Each structure stands twice: as structure tokens, then as C-alpha cells.
Amino acid sequence: MPLLPFFAMEQGATALHISFMVSSNYVAQMIGCILVGKVSDTYGRRPVVLLCLLASALSYLNMSKSYSIIAIALSRIISGSFGGLVPIMQSTVADCSNQQDRPKYIGRITATFGLGFVLGPLLCAMLSNFSTRKKFRFAALMPLLGGLVTLIFAKETNKNAISIFDWPIKQKIYRQTTPSNQQQVEQKQQQLTSRMLLLVLNGFLLMFSFSTESIYPVFAKDRFGYDDLSVSKLLAFTGVLVGLFQTCGIKPLIGSLGKHLTLAVGNFLLATGLVGIGFIRQQLSHNACFACHVLGYAIADTALASLVIYYSSPQSQGRNLALSQAAQACARVISPLTAGYLYSRSMW
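Report follows, based on the coordinates.

About the criteria used
- Residues numbered from 1 in each chain as written.
- Predicted model: local features only at pLDDT ≥ 70, side-chain atom pairs only at ≥ 80, totals over all residues.
- Heavy atoms only, no water.
- Helix = DSSP H or I, 4+ residues; strand = E, 2+ residues; numbered from the N terminus.
- Contact = heavy atoms within 4.5 Å.
- Areas by Shrake-Rupley, 256 points an atom, 1.4 Å probe, with all protein chains shown as cover.
- Disulfide = S-S within 2.5 Å.
- Buried < 20%, exposed > 50% of the residue type's maximum accessible area, 1.4 Å probe, protein only.
- Core = buried A, V, L, I, M, F, W, Y, C linked by side-chain atoms within 4.5 Å.
- Salt bridge = Lys/Arg side-chain N within 4 Å of Asp/Glu carboxyl O.
- Axes fitted to C-alpha atoms, helices over the stretch in contact; angles between N-to-C directions.
- Left-handed = near helix turned anticlockwise from the far one by under 90°.
- Nonpolar A, V, L, I, M, F, W, Y, C, P; charged D, E, K, R; others polar.
- Polar contact = N/O pair within 3.5 Å; in protein donor to acceptor, adjacent residues only side chain to side chain.
- Expected span 1.5 Å × (residues − 1).
- Arc of directions from axis to C-beta.
- Patch = residues over 30% accessible without salt bridge, like charges linked within 9 Å, V, L, I, M, F, W, Y side chains within 5 Å.
- Phe/Tyr/Trp six-rings, centres within 6.5 Å; stacked < 30°, edge-to-face > 60°.
- Lys NZ or Arg CZ within 6 Å of the ring centre and 35° of its normal.

1. Overview of the overall build of the protein chain
Working step 1: Each helix and strand counted, the protein chain has 16 helices and 0 strands in total.
Working step 2: A sequence separation of at least 24 residues applies to 81% of the contacts in the protein chain between residues at least 6 apart.
Working step 3: As presented, the protein chain carries roughly 18,800 Å² of accessible surface, and 68% of it is formed by carbon and sulfur atoms.

This is how it looks when you write it as C-alpha cells:
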């Protein structure tokens, strides 16, 4: 992702074109997440994970061969359409873990992605002798390697999954052996409860608030004179802090407060940190507010995923987690535009 704006500008892209490329990825993700989640509930997590990883590799390879703005946007759309890997991983955790350990493992998923955001730019810097196109080809090796590991070692965790090859047979057996109360269960599964809708809305607002950090480098440069290196150091420090907390602290926190109160605490820290970022001018206190903001997001995101799983049946976990992810993808489209407009009109 850090390479995309510079690579696109080499192909003649303007700031508006780059905004369109980023937005196209999240628009595709909004649609793709819902479809991928439903497919994983029906046909299993493993084939969907393999498909998402393969699509990610194809996206990077296509990017490395792109010589036009449209081709770059197409690569981003491919990536976004199969960008539902996070909810599928969370569904896999829900399939094979008990309720007490679930937040810990979901937190580790978040920590792993945070580590990737730290190590990715570092690896990019180490490959400084590579051209941008070679870096994209190298990046394509990562999902391919992940797909190979999944293919060899991963087992299907969705016990209700239907194999594509025997789908008609299983559907016929399913209809013959359905218990009398199965229709009532299916009706409940097809309808999102008011609690689920509130959780999805919370996910949207959570990402809407967090995505305003897309203009944070500009804000930090204007207020404190931060350069790219200073912002990178702050992000790296915060990423390590969040990773450590997600690995060691999230399970005891949810165990002590419960999922609902933990979500409230995360929302509070996120909002408090965001307000502090905007108003506090002392540099050290500002950095502390930024860390509080990011930590609040990590806590709330883990608690939110745990609650979505808690209120979902095993047959609808993937769909509901994907719906939450799609709402967050929608926020990623709207929030940067809103933040950019408000910041351009602010008079601090």
C-alpha cells in the first residue's frame, strides 16, 4: 500500500485518480466480503482462504505489469473483491476455539496484521535496490506462500460445510433428515437481530473514526513539522504496543470486564484519543493520545468481532462477520473524503 501512490503517479495519476484507486478497493470489498462470508458458511473456510490468497497474489502480479491508471485500478478491485480474509480467519477461530479463549486468538489476528504494517515498510526499505515492479512481484510471493501452507497444513473447521462435488446429494439428504423445528432455526438465521444491526453500526462508526487517520501525516506535518520518518516511527511504536497488548492483555481484559463493557471501553479510548489528537499541542501528550486512539480501536475491534460471533449461529458466523467487515469497508470509503474536506476547512 505505501508504494501505490508513488507507483500510480509514475503512470501519470493525479491525487483524484489515487483517491479513486483506493476507494475502488474498498467498494469492491464491501460487496466481496458479504459474498465470501456466505460462501464460507456453505462450502467451508479452507477453500475460501485459498481463493482469497490466490486473488491477492494475482492482484500484485497484475499491478507489476500495469502501465495505465485503469490497469492499476483493476488490480485494486481484484484485491478488494476477495478481501474478506479477516472475517474468514475470525470465523475459523470461532469454529475451533471455546468462548473463553476466542478473544485471545481474535486479538492475535489483529496483532498479526499490525505486525505486517510494521514489517511491510521495513522490508520495502530493505529491498531499496529493487524496482517498484519487482517489489510487487516479491509481494505476490507472500500470499502464494500462505496459500501453500494452507493447502498442506490447514484443515477445514466448518463442520457444516458442503463439498462442491456432492452438493446435490447432501442437499437431498438434508431435506429428508431435517427436524421439525429446522424451519424456525433457519428463519432466525436469515434475520439479523437488532443487536447484530447495532454491532454492524458500531463497526462502521469505529472504522469511520479510525479512518480519519488517513490525513494524519498531513496534520502531523502541519502542526509539529513531522516528516515521513517521524510518522513511520510513531506508527511502528504504536503497532508494537498494540501487538503486545493484543497478544497478552486482551483476554484478561475481556475476562474481567466482559465483551460488552470491553467494547465500550475501546470506543471510549478511541474517541478520547481522537479528541486529544485534535486539541493537544504538546508533542509528547499528542503522541500519547495517538497511541490511546489506536489502542482503543484495537480493543474495540476485537471485542466487536467476539460479540458478532457470540450472537451468531455456527451457520451464519462467516456471513455476519463479513457484513461487519463490509460496513467497515464502507466507512473506509466515506471517512477519508469527509476528513479531507473538514480538514481543508478547519482553522486551527
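2. Topic: the state of the cysteines
Working step 1: Across all of its chains, the model carries 0 disulfides by this definition.
Working step 2: Here Cys-292 is not cross-linked by a disulfide; its sulfur's nearest cysteine counterpart is in Cys-289, at 6.6 Å.
Working step 3: Overall, Cys-292 belongs to the partly exposed group, its relative accessible area being 22%.

3. Remarks on the nonpolar core
Working step 1: Ranked by size, the top nonpolar core spans 20 residues in total, and within it Leu-199, Leu-206 and Leu-263 carry the most contacts.
Working step 2: Those elements giving two or more residues to this core turn out to be helix 5 (85–96), helix 6 (102–126), helix 10 (194–210), helix 14 (259–279), helix 15 (283–310) and helix 16 (317–345).
Working step 3: Among all residues touching Leu-206, those that are not within four sequence positions of it are Asn-267, Leu-270, Tyr-297, Ala-300, Asp-301 and Leu-304.

4. Focus on the pattern of salt bridges
Working step 1: Going through the model one piece at a time under the given rule, you end up with 3 salt bridges.
Working step 2: Measuring nitrogen to oxygen at the nearest pair gives 2.8 Å for the salt bridge that ties Arg-45 to Asp-41.
Working step 3: Its salt-bridge partner being Arg-45, residue Asp-95 comes within 2.8 Å of it at the nearest N-O pair. Taken together, the residues Asp-95 in helix 5 and Arg-45 in helix 3 (residues 45–64) connect sequence positions 50 residues apart.
Working step 4: Judged by relative accessible area, Asp-95 falls into the partly exposed class, the value being 22%.

5. A short note on the packing of helix 5 against helix 16
Working step 1: In contact at an axis separation of 9 Å, helix 5 and helix 16 are set at 145 degrees when each is read in the N-to-C sense. Regarding helix 5 and helix 16, the two cross each other, and that crossing is right-handed. Here helix 5 contributes Val-86, Pro-87, Gln-90, Ser-91, Ala-94 and Asp-95 to the contact with helix 16, which in turn contributes Gln-317, Gly-318, Leu-321, Ala-322 and Gln-325.
Working step 2: Per-class residue counts for the contact of helix 5 with helix 16 are 5 nonpolar, 5 polar and 1 charged.

6. What to know about the side chain of Ser-312
Working step 1: By the secondary structure assignment, Ser-312 is in the loop between helix 15 and helix 16.
Working step 2: With a relative accessible area of 11%, Ser-312 lands in the buried category.
Working step 3: A polar contact of 2.5 Å, which involves the side chain of Ser-312, links it to the backbone oxygen of Val-308.
Working step 4: Not counting chain neighbours up to four residues away, the residues in contact with Ser-312 comprise Met-196, Gln-317 and Asn-320.

7. Topic: helix 14
Working step 1: End to end, helix 14 covers 31 Å across 21 residues, agreeing with the expected 30 Å (1.5 Å per residue, within 8%).
Working step 2: For helix 14, every residue scored as buried is listed here: Lys-259, Thr-262, Leu-263, Gly-266, Leu-270, Gly-273, Gly-276 and Ile-277. Considered in projection along helix 14, the buried side chains sweep an arc of 165 degrees and stay on one side of the axis. Turned more than 90 degrees from where helix 14 packs its buried face, Phe-268, Val-275 and Phe-279 sit exposed.
Working step 3: Looking at the packing, one finds that the buried side of helix 14 touches helix 10, helix 11 (216–224), helix 13 (250–257) and helix 15.

8. Notes on a nonpolar patch on the surface
Working step 1: Taken together, the side chains of Leu-115, Leu-119, Leu-122, Leu-123, Met-126 and Met-142 make up a nonpolar region of the molecular surface, amounting to roughly 570 Å² of accessible area.
Working step 2: The element best represented in the nonpolar patch is helix 6, accounting for 5 residues.
Working step 3: Taking the relative accessible area as the measure of exposure, Leu-115 reaches 48% and is therefore partly exposed.

9. Examining the packing of aromatic side chains
Working step 1: Overall, the coordinates contain 4 aromatic pairs when judged by the stated rule.
Working step 2: Aromatic side chains Phe-7 and Phe-136 sit 5.2 Å apart centroid to centroid with 75 degrees between the ring planes, which places their arrangement in the edge-to-face category. A residue pair is termed long-range when its members are at least 10 positions apart, and Phe-7 in helix 1 (residues 4–10) and Phe-136 in helix 7 (residues 132–153) qualify at 129 residues. Like Phe-136, Phe-7 is buried.
Working step 3: Aromatic pair Phe-210 and Tyr-297: ring centres 4.1 Å apart, planes at 10 degrees, arrangement stacked. With Phe-210 in helix 10 and Tyr-297 in helix 15, the pair connects residues that are 87 residues apart, well separated along the chain.
Working step 4: Positioned above the aromatic ring of Tyr-67 is the side chain of Arg-133, whose terminal nitrogen or guanidinium carbon lies 3.8 Å from the ring centre.

10. Things to note about the side chain of Ser-335
Working step 1: Locating Ser-335 in the fold gives a position in helix 16.
Working step 2: Assessed through its relative accessible area of 0%, Ser-335 is described here as buried.
Working step 3: A polar atom in the side chain of Ser-335 sits 2.6 Å from the backbone oxygen of Phe-208.

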